[in-house]
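# Structure at a glance
So you can see what is in the structure, the chains are spelled out below.
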Amino acid sequence: MTIRRPSEEELVEIAESAQIPLNEQEIDDYAELVAGTLDVLERMQEIPEPRFAPHEIEYPERRDVHRPEGAENPHNVWITKAEVEGADDGPLSGKTVGLKDNVSLAGVEMTNGSQLFEGYIPDVDATIVDRLLDAGATVKGKLNMESFAFSGSSDTSDFGTVTNPRAPEYIAGGSSSGSGAAPAAGEVDIAIGGDQGGSIRIPASCCGIVGIKPTTGLVPYTGIFPIDNSLDHTGPMAESVEDVARALEVMAGPDGLDPRQPAGLEADSYTDALVDDVEGMTVAVLEEGFEREESDSEVNATVRNAIETLESLGAETIEVSVPRHLDSLALWISIAGYGGVQVLKQGGLGSLYDGWYNTGLAKAYDKFRRSQGRDFPASVKATWLAIEYLDREYQGSALYGKGQNISLAMRESYDEILEAADVIAMPTIPIKPFEVDPDLSRVDRIGRSLAIAKNTAPFDLTHHPAISVPCGTAGGRPVGLMFVGERFDEGSIFQAAYTYQENTDWQEA
């Protein structure tokens, strides 16, 4: 395809928007230089792109692909149903799995929770899909999610509100809203969620199930729509700690294509950590996790009671403090906001990393963005406008860098605690799930969801693993207890969560 050369007027406009003003003499020179660069880049249009998927599609049959309606989708957890059978045998044999609809499943539409993506059908399976199928799981389809994963609520998907099976008048939590509600409703055994600010743990807490955000890089993100490389996580959600541990064991480990994964990465046997014993375990109770301005007293009391249960089983508790924990929302927005906008501006892929690029997704996204830009969710548009203004007036990239630097210091604070403790404990979310309200204004709907991620977001920033396990109810709504561990020590948080699960009935707590 021939690349049209810019006119002098276009070149001047481009230069001014990039804050590179050109005088009259320079315009002719740079027009010639730009034309020469475009001559070279035209060659890229002519080179055939190799067929380069993350891996071969081992289980290609995708049956009964359809959009469910009415009684087939009572909590609106599904966007698309399908039937993809995996291996005849394996650790997940007999288990059904639902995928958050930002996970590529070849031959099945992927929407990212947005009408902007309708019609995009990936031709690759995400690495985790290949691993789940190879372990014997059956994939049942694509689960509803918040549009572009930019909300902790469950009422911002372009495909309608996901209702909470445990508390139908209240939100299911997001952005993995369908992934939280589907196991709670018995629609699947295991759901795959995504977590950049709490989007696995928030719906797990709201829906009364278990969900883990693994250590950054433990599970390959290849073939999943991102927000920011430093924040992207995917992980399993289920009714039990056992199913979550078994699924993580299958999903974890390097794939050689995801730059988020550190060199020398090795996965553990997480099911070996399912030991009903916390005798001698030290649980650090984080003061700032409870004492937030918006903290709900019933939620605090429920989680404190759960921690007392662990004490009665032999755990030692210590009170700890990380003041920076209270700054998590500002840090998260500086990183997820700036980083996320750059990813969206760069074809939905990002850049500057050594890994596999889904160019098919980039082409589809760019086409949809140009023709349907108004269909971006309000949360994305508001963030994009704010970041563009910051970039123009106040050096947004420096703010992003400052946020990352403060996150490193915050990581050291948690690491110091974890030198003396096995896990850190706090409420997964500091408040009760909100009531579903279709009459909320755009501003109120976005604004109210910010508080819900204030305990979860810090650990996306610092890369520690964190698990939410149900520990009781408040006002008729599930409450989650969150355990945080050292990076790549998922075993300790599994042991704490499993012991709590085995010795309690959270619905009676």
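Below is a summary of the structure that appears in this document. Keep in mind it's a predicted model, so treat the numbers as computed, not measured.

What counts and how
Residues numbered from 1 in each chain as written. Predicted model: local features only at pLDDT ≥ 70, side-chain atom pairs only at ≥ 80, totals over all residues. Heavy atoms only, no water. Helix = DSSP H or I, 4+ residues; strand = E, 2+ residues; numbered from the N terminus. Rg over C-alpha atoms; globule rule 2.2 N^0.38 Å. Contact = heavy atoms within 4.5 Å. Areas by Shrake-Rupley, 256 points an atom, 1.4 Å probe, with all protein chains shown as cover. Lys, Arg positive; Asp, Glu negative; His and termini not counted. Charge placed at Lys NZ, Arg CZ, Asp CG, Glu CD. Pairing = 2+ DSSP bridges. Axes fitted to C-alpha atoms, helices over the stretch in contact; angles between N-to-C directions. 1 Å grid on protein atoms, 1.4 Å probe; cavity = no way out; pocket = protein on both sides within 12 Å on 5 of 7 lines; lining within 4 Å. Points joined across faces, edges and corners; volume = space filled by probe spheres on them. Nonpolar A, V, L, I, M, F, W, Y, C, P; charged D, E, K, R; others polar. Phe/Tyr/Trp six-rings, centres within 6.5 Å; stacked < 30°, edge-to-face > 60°. Lys NZ or Arg CZ within 6 Å of the ring centre and 35° of its normal.

Let us look at the overall build of the protein chain. What the protein chain contains, in helices and strands, is 15 helices and twelve strands. Its C-alpha radius of gyration of 23 Å places the protein chain within 12% of the 23 Å reference for a compact globule of 509 residues. The long-range fraction of contacts in the protein chain, counting pairs at least 24 apart against all pairs at least 6 apart in sequence, stands at 76%. Total accessible area on the protein chain stands at roughly 21000 Å², and carbon and sulfur atoms take up 47% of it. Taking the average location of the 38 positive side-chain charges in the protein chain and that of its 86 negative ones, the two points are 5 Å from each other.

Right, let's talk about the sheet that holds strand β7 (residues 234–238) for a bit. Strand order in the open sheet made by the twelve strands is β1-β2-β4-β3-β5-β7-β6-β11-β12-β10-β8-β9, with mixed pairing throughout. In the strand order of this sheet, the two ends are held by β1 (63–66) and β9 (316–320), each with one partner. Between one strand and the next, the sheet's axes are offset by a mean angle of 25°, whatever the strand orientation. Relative to strand β4 (residues 138–143), strand β3 (residues 96–100) is paired through five bridges, and the arrangement is parallel. When the sheet's bridge partners are listed, valine 97 is paired in β4 with valine 139. Contacts from helix α12 (residues 396–420) reach β8 (282–286), β9, β10 (423–427) and β12 (477–484) within the one sheet, and its direction differs from that of β10 by about 115°.

This part is about the layout of surface pockets. Size it by volume and the second largest pocket reaches roughly 520 Å³. The wall of the second largest pocket is formed by 31 residues, among which Phe150, Trp332, Ile333, Thr383 and Leu450 lie closest to the centre. Elements with a contribution of two residues or more to the lining of the second largest pocket: α9 (328–345), α11 (378–393) and α12. Partitioned by chemical class, the residues of the lining of the second largest pocket number 18 nonpolar, 13 polar and no charged.

What follows covers empty space enclosed by the protein. Evaluated as defined, the whole model comprises four cavities of 30 Å³ or more. Put simply, the largest cavity is a space of about 150 Å³. What lines the largest cavity is a set of 15 residues, and nearest its centre among them are Tyr221, Gly223, Ile224, Tyr353 and Trp356. Broken down by class, the residue content of the lining of the largest cavity amounts to ten nonpolar, three polar and two charged.

What follows covers the packing of aromatic side chains. Enumeration over the complete set of coordinates arrives at 13 aromatic pairs. Members of the aromatic cluster, connected to one another through ring pairs, are Phe117, Tyr120, Phe148, Phe225, Tyr365, Phe368, Phe376 and Trp384. It is arginine 304 that lies over the ring of phenylalanine 290; its NZ or CZ is 4.0 Å from the centre. Residue placement shows arginine 477 over the ring face of tyrosine 170; its charged tip is 4.1 Å from the ring centre.

In short, shape yes, function no, at least from these values alone.
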